[in-house]
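Per-entry structural report
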Amino acid sequence: MKIWILCLLLFLPKLTIGQDSTVLKVHFLYGSKPYRHFGHSEYRSFGGIHGGHVGIELREDKIINFIPSGRLHWYSRHYKKHSKYEIDNWESFYAIMGGNPKEVKKAIVYIPISDSQARNFENITTTYLDETPYDYAFLGMRCGAAGYVLLGRVGLMKPHSNCVTSKKIFYPKKLRNRLFKMALANHWKVELTNGSVTRRWEKD
């Protein structure tokens, strides 16, 4: 994403959120890897620069996210799902790749939704928490695609089949760039936080 778009997002009027408003917060942890001269003291994270993570928060400090559970499959397996949706608080979500959650690069997109969309989101996530809908696979559904599906189920994204979604949203940046463009068009609030200077962070 062009740097001028990010600059515009930062200077957009902040979203006014009243007590009765409902907002989805889409959390993005950026991919990273340690700079060479910090390699001995810094952690390695899954996916490196093209890694990262996605989660969605409706209720305060409860971020739902899709993760592997068991050995990572290269291809999706319908009858042997090594995956689950889980709820994390802010600290555990941003520490999922390792390191201090206060020192990671992150972005949060605030999306206003209707009460019916909020109820729909809660119903869907309750179902997914009880039983995972698909396998976690390198060439299949992962956190970015799963986040897109949740947003699609409440009418914020165009729905696709899981196969198409996993190809279109191969890693979190693909979803993040879409949401940044939507935020710019709809005047949604976006929070950006820089990460530790000891690591090389993914760029938009």
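Residues numbered from 1 in each chain as written. Predicted model: local features only at pLDDT ≥ 70, side-chain atom pairs only at ≥ 80, totals over all residues. Heavy atoms only, no water.

**Let's talk about helix H6 (residues 172-186)**
Residues that lie three or four places apart on an α-helix share one face, since the helix turns once every 3.6 residues. Compared with the 21 Å implied by 1.5 Å per residue over 15 residues, the 21 Å span of H6 between its first and last C-alpha is a close match. Every buried residue of H6 is accounted for by Pro 172, Lys 173, Leu 175, Arg 176, Asn 177, Leu 179, Phe 180 and Ala 183. Note on H6: the residue one or two positions beyond its end, His 187, has a positive phi of about 60°. (Helix = DSSP H or I, 4+ residues; strand = E, 2+ residues; numbered from the N terminus. Expected span 1.5 Å × (residues − 1). Buried < 20%, exposed > 50% of the residue type's maximum accessible area, 1.4 Å probe, protein only.)

**A closer look at the packing of aromatic side chains**
Counted by the stated rule, this structure contains nine aromatic pairs. Grouped by ring-pair contacts, the aromatic residues Phe 66, Tyr 85, Tyr 128, Tyr 134 and Tyr 136 constitute a single cluster. Note that Arg 142 overlies the ring of Phe 170, its terminal NZ or CZ placed 4.5 Å from the centroid. The ring centre of Tyr 110 lies 4.6 Å from the NZ or CZ of Lys 189, which sits over that ring. (Phe/Tyr/Trp six-rings, centres within 6.5 Å; stacked < 30°, edge-to-face > 60°. Lys NZ or Arg CZ within 6 Å of the ring centre and 35° of its normal.)

**Some thoughts on the pairing of strand S7 (residues 106-113)**
Two faces belong to every sheet, and in a regular strand the side chains alternate between them. Across the eight residues that make up S7, a large majority, seven, are buried. As judged from the four bridges shared by S7 and strand S9 (residues 190-193), these two strands associate in the antiparallel manner. In the sheet register, Ile 108 faces S9, and the bridge partner there is Glu 191. (Pairing = 2+ DSSP bridges.)

**Details of the packing of helix H4 (residues 143-153) against H6**
For the pair H4 and H6, interaxial distance at closest approach is 7 Å and the crossing angle is 40°. Where H4 approaches H6, its residues Cys 143, Gly 144, Gly 147, Tyr 148 and Leu 151 are matched on the opposing element by Pro 172, Leu 175, Arg 178 and Leu 179. Of the residues assigned to the contact of H4 with H6, the class counts are six nonpolar, two polar and one charged. (Axes fitted to C-alpha atoms, helices over the stretch in contact; angles between N-to-C directions. Contact = heavy atoms within 4.5 Å. Nonpolar A, V, L, I, M, F, W, Y, C, P; charged D, E, K, R; others polar.)

**So, the confidence of the model for the chain**
For the chain, per-residue confidence averages 86 on the pLDDT scale, and 84% of positions sit at 70 or higher. Long-range and interchain partners of residues 11-20, a stretch whose pLDDT sits below 50, account for 11 contacts in this model, where long-range means more than four residues apart. (pLDDT = per-residue confidence, 0-100.)

**Quick look at the nonpolar core**
Among the nonpolar cores identified, the biggest contains 48 residues, and Leu 24, Val 26, Val 109, Ile 111, Leu 151, Leu 175 and Leu 179 are the most heavily contacted of them. Elements represented by at least two residues in this core include exactly strand S1 (22-29), strand S3 (53-57), strand S4 (63-68), helix H2 (90-94), S7, helix H3 (115-130), H4 and H6. It is H4 that provides the largest number of residues to this core, a total of seven residues. (Core = buried A, V, L, I, M, F, W, Y, C linked by side-chain atoms within 4.5 Å.)

**Overview of the sheet that holds S1**
One open sheet holds the six strands; their spatial order is S6-S4-S3-S1-S7-S9, and the pairing between them is antiparallel. If you trace the sheet from one side to the other, it starts and ends with strand S6 (83-88) and S9, each paired once. Shown here is a sheet whose adjacent strand axes are inclined to one another by a mean of 20°, direction ignored. Here H3 sits on the sheet in contact with S1, S3, S4, S6 and S7, set at roughly 125° to S6.

**Looking at the side chain of Glu 86**
Looking at where Glu 86 falls in the secondary structure, it is placed in strand S6. Ignoring any residue separated from it by four or fewer positions in sequence, one finds Glu 86 in contact with Ile 63, Ile 64, Asn 65, Ile 67 and Leu 129.

**With respect to unusual backbone geometry**
Excluding glycine, residues mostly have negative phi values, and the peptide bonds linking residues are mostly trans. Phi is positive for Asp 61, close to 65°, though the residue is something other than glycine. Its place among the elements puts Asp 61 in the loop between S3 and S4. With phi around 60°, His 187 is a residue other than glycine that occupies positive phi space. Relative to the elements of secondary structure, His 187 occurs in the loop between H6 and S9.

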